[in-house]
Amino acid sequence: MTLLTDILTFNEEFVSEKRYEEFTTTKFPDKKLVILTCMDTRLVELLPKSMNMKNGDVKIVRNAGAVITHPFGSIMRSLLVAVYALQADEVIIIGHHDCGMGALNSQSLIETMLERGIKQKTIDTLSYSGIDLHQWLKGFDNVNESVKNSVDMVRNHPLMSKDIPVHGLVIDPGTGKLDLIQDGYEVLKSV
């Protein structure tokens with residue numbers, strides 16, 4: 001039996017037994033908040049529970065490292081949609097200690113791609129086309145600085161409303177302890 005078969009078999013029972021009913025909510029976040037955080041498996045349940053959030057309270061956007069790499073990429077688009085279409089009034093960027101993106105070695109990642117069947121010709125073509133894979137796959141050295149950079153990108157985005165507080169936090173994936181990196185309310189007061 002495959003993992004997909006296990007998932008679909010479980011899902012059939014989940015739906016037929018109406019276990020979904022306890023999760024019923026709307027598409028609008030009750031706490032009017034959107035969070036960008038990391039896709040790390042340790043945060044799936046820990047993060048919302050450490051913040052006293054339940055299903056329906058927040059919109060959560062996840063990617064590798066909770067990093068916004070491009071001001072007009074899909075992450076920024078998701079945050080803008082949450083604010084303008086889904087009634088989110090605040091944004092929180094949450095990085096975490098011991099992140100896989102911390103000091104990610106792009107060369108090692110590319111070597112693993114080659115080992116798994118990606119052709120060197122493909123890597124070369126991307127390079128000749130002006131795509132710097134090492135830059136694109138680069139991690140970060142300091143999670144606090146990474147969170148600050150993403151907060152700044154959201155706050156200073158030309159399409160983000162200037163009355164939206166953008167906060168930055170770092171979570172300990174072992175304990176759930178949150179450290180404040182940037183208080184968006186304080187920034188709004190100083191503007």
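Structure shown above.
Below is a short write-up of the structure. (Residues numbered from 1 in each chain as written. Predicted model: local features only at pLDDT ≥ 70, side-chain atom pairs only at ≥ 80, totals over all residues. Heavy atoms only, no water.)

Structural notes on the pairing of strand S1 (residues 33-38)
Within S1, six of the six residues are buried, leaving the element largely enclosed by the surrounding structure. One ladder, built from six bridges, connects S1 with strand S2 (residues 58-63); its direction is parallel. In the sheet register, Leu36 faces S2, and the bridge partner there is Val61. This β-α-β element, S1 to helix H2 (residues 43-50) to S2, shows right-handed connectivity. (Buried < 20%, exposed > 50% of the residue type's maximum accessible area, 1.4 Å probe, protein only. Helix = DSSP H or I, 4+ residues; strand = E, 2+ residues; numbered from the N terminus. Pairing = 2+ DSSP bridges. Right-handed = clockwise from strand over helix to strand, strands pointing away.)

Quick notes on the packing of aromatic side chains
Counting across every chain of the model gives two aromatic pairs. Considering the side-chain rings of Phe14 and Phe23, the 6.4 Å spacing of their centres and the 25 degrees angle between planes classify their relative orientation as stacked. With relative accessibility at 40%, the residue Phe23 sits in the partly exposed group. Members of the aromatic cluster, connected to one another through ring pairs, are Phe10, Phe14 and Phe23. (Phe/Tyr/Trp six-rings, centres within 6.5 Å; stacked < 30°, edge-to-face > 60°.)

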